[in-house]
Amino acid sequence: MQRKRVAILISGRGSNMAALISAAADPDYPAEIALVVSNRPDAAGLARAKAARIATLVIDHKTFGKDREAFERALDAELASHRIDIVCLAGFMRLFTPWFVTRWRERMINIHPALLPAFKGLDTHERALAAGVKVHGASVHFVVPEMDSGPIIVQSAVPVRDDDTPDTLAARVLVAEHRIYPLALRWLAENRLSVVDGRCNVAGAGDRAEMLISPSP
Ligand code: GRF
């Protein structure tokens, strides 16, 4: 099967990007990372991508002022010229307009550091601790116009400990993120995902159960 060409969009550190890059280094992985795009010139992840010899681009949203669609048209043109099949958002801190989301419908996925639909938005670890939940985690989902709301592809749960701080909890969740993002991209690249009534089904999901609960580090 032809490997799917993937663009990863980042704004910062890029640890999820790195997890996808290392999964795709396996020739049997069904996707190749063809491009990394940052909307911020100072994103640390850019250096990591370059070190892995992946094409990188900066499309600085600030140069487009308030015109969100102009930024998205520039991005879309680059994705087209790199013949991108799938877009992975990995710590990408911009919301997209319905125009862009519709163009990439069921071809664009995101990782969120919480067990959706709980704790959409920012500061998820602080909010999970404040709520006193005993289980927290991460979700990979299709992107829809509403933030952090698309069909959920895979989730991984981690325990919340009494002495956790937002940082210790974030570190535990990050381990789970790095496990499930490559798995979700694999399923998408293998055309195994189908969305029915807002729910995502995974064909032959026998390997999903083992990903549900991450071993605690
Ligand atoms: C991750 O926690 C991800 O879930 C969230 O933003 C963070 C990005 O981290 N969307 P990194 O840039 O992948 O290291």
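Look up a bit, the structure's there.
The text that follows walks through the structure, step by step, so that each part is easy to find. Because the structure is a prediction, the values reported are computed rather than measured.

We now examine the overall build of the chain. Check the secondary structure of the chain and you find 7 helices and 9 strands. Relative to the compact-globule value of 17 Å for 217 residues, the chain shows a C-alpha radius of gyration of 17 Å, a close match. Oriented by its inertia axes, the alpha-carbon framework of the chain measures out at about 50 × 40 × 40 Å. Within the chain, the fraction of its 217 residues that count as buried is 48%. In the structure as shown, the chain presents an accessible area of about 10500 Å², 53% of it carried by carbon and sulfur atoms. In the chain, 27 side chains carry a positive charge and 25 a negative one; their mean positions are 2 Å apart.

Here we take up the site of the ligand. Looking at the ligand, the residues that line it are Arg13, Gly14, Ser15, Asn16, Gly91, Ile111, His112, Pro113 and Glu177. Gly14 is positioned with one of its backbone polar atoms (N or O) 2.8 Å from an oxygen atom of the ligand. Asn16 places a polar main-chain atom, nitrogen or oxygen, 2.9 Å from an oxygen atom of the ligand. With respect to the pocket detection grid, the ligand is positioned in the largest pocket. Counting only elements with at least two residues in the shell around the ligand, the list comes to α1 (15–24) and β5 (108–112).

Turning next to unusual backbone geometry. In this structure, Pro117 follows Leu116 across a cis peptide bond, with omega equal to 10°. Its location among the elements puts Pro117 in the loop between β5 and α5 (124–131). Phi at Arg83 takes a positive value of approximately 50°, unusual for a residue other than glycine. As for its position among the elements, Arg83 is in the loop between α3 (68–81) and β4 (86–89). Of note in this structure, Asn191 is not a glycine but carries a positive phi near 60°. As for its position among the elements, Asn191 is in the loop between α6 (166–189) and β8 (193–196). For Asn191, a relative accessible area of 55% puts it in the exposed group.

Before going further, it helps to spend a moment on the layout of surface pockets. Roughly 1000 Å³ of internal volume is contained in the largest pocket. If you trace the largest pocket, you find 42 residues lining it, with Gly91, Met93, Ile111, Pro113 and Leu122 closest to the centre. Take the lining of the largest pocket: its biggest share by element is 6 residues, from α6. The residue inventory of the lining of the largest pocket, partitioned by class, reads 20 nonpolar, 14 polar and 8 charged. Shared between two domains, the lining of the largest pocket takes at least three residues from each, and those domains are domain 1 (1–104) and domain 2 (111–217).

With respect to the helices and strands, the residue Lys120 is situated in the loop between β5 and α5. Judged by its relative accessible area of 34%, Lys120 falls in the partly exposed class. Sequence separation of Lys120 and Pro98 is 22 residues, and the distance between their C-alpha atoms is 18 Å. Excluding its chain neighbours within four sequence positions, the residues that come into contact with Lys120 are His112, Arg127, Met147, Asp148 and Ser149.

With that out of the way, let us pick up the pairing of strand β1 (residues 4–10). By the criterion of burial, β1 is predominantly enclosed, with 7 of the 7 residues buried. Residue alternation in β1 divides its side chains into two sets, Lys4, Val6, Ile8 and Ile10 and Arg5, Ala7 and Leu9, and both sets are buried. Bridge count between β1 and strand β2 (residues 31–38): 7 bridges; the pairing is parallel. Residue pairing across strands places Leu9 opposite Val37, the latter belonging to β2. Each parallel crossover has a hand, and the one from β1 via α1 to β2 is right-handed. Judged from the 4 bridges that link them, β1 and β4 form a sheet pairing that is parallel.

What counts and how
Residues numbered from 1 in each chain as written. Predicted model: local features only at pLDDT ≥ 70, side-chain atom pairs only at ≥ 80, totals over all residues. Heavy atoms only, no water. Helix = DSSP H or I, 4+ residues; strand = E, 2+ residues; numbered from the N terminus. Rg over C-alpha atoms; globule rule 2.2 N^0.38 Å. Buried < 20%, exposed > 50% of the residue type's maximum accessible area, 1.4 Å probe, protein only. Areas by Shrake-Rupley, 256 points an atom, 1.4 Å probe, with all protein chains shown as cover. Lys, Arg positive; Asp, Glu negative; His and termini not counted. Charge placed at Lys NZ, Arg CZ, Asp CG, Glu CD. Near = heavy atom within 4 Å. Polar contact = N/O pair within 3.5 Å; in protein donor to acceptor, adjacent residues only side chain to side chain. 1 Å grid on protein atoms, 1.4 Å probe; cavity = no way out; pocket = protein on both sides within 12 Å on 5 of 7 lines; lining within 4 Å. Sits in = over half its atoms within 2 Å of the grid points. Points joined across faces, edges and corners; volume = space filled by probe spheres on them. Nonpolar A, V, L, I, M, F, W, Y, C, P; charged D, E, K, R; others polar. Domains from an automatic or database assignment. Contact = heavy atoms within 4.5 Å. Pairing = 2+ DSSP bridges. Right-handed = clockwise from strand over helix to strand, strands pointing away.

Such coordinate-based values are descriptive only and should not be taken to indicate function.
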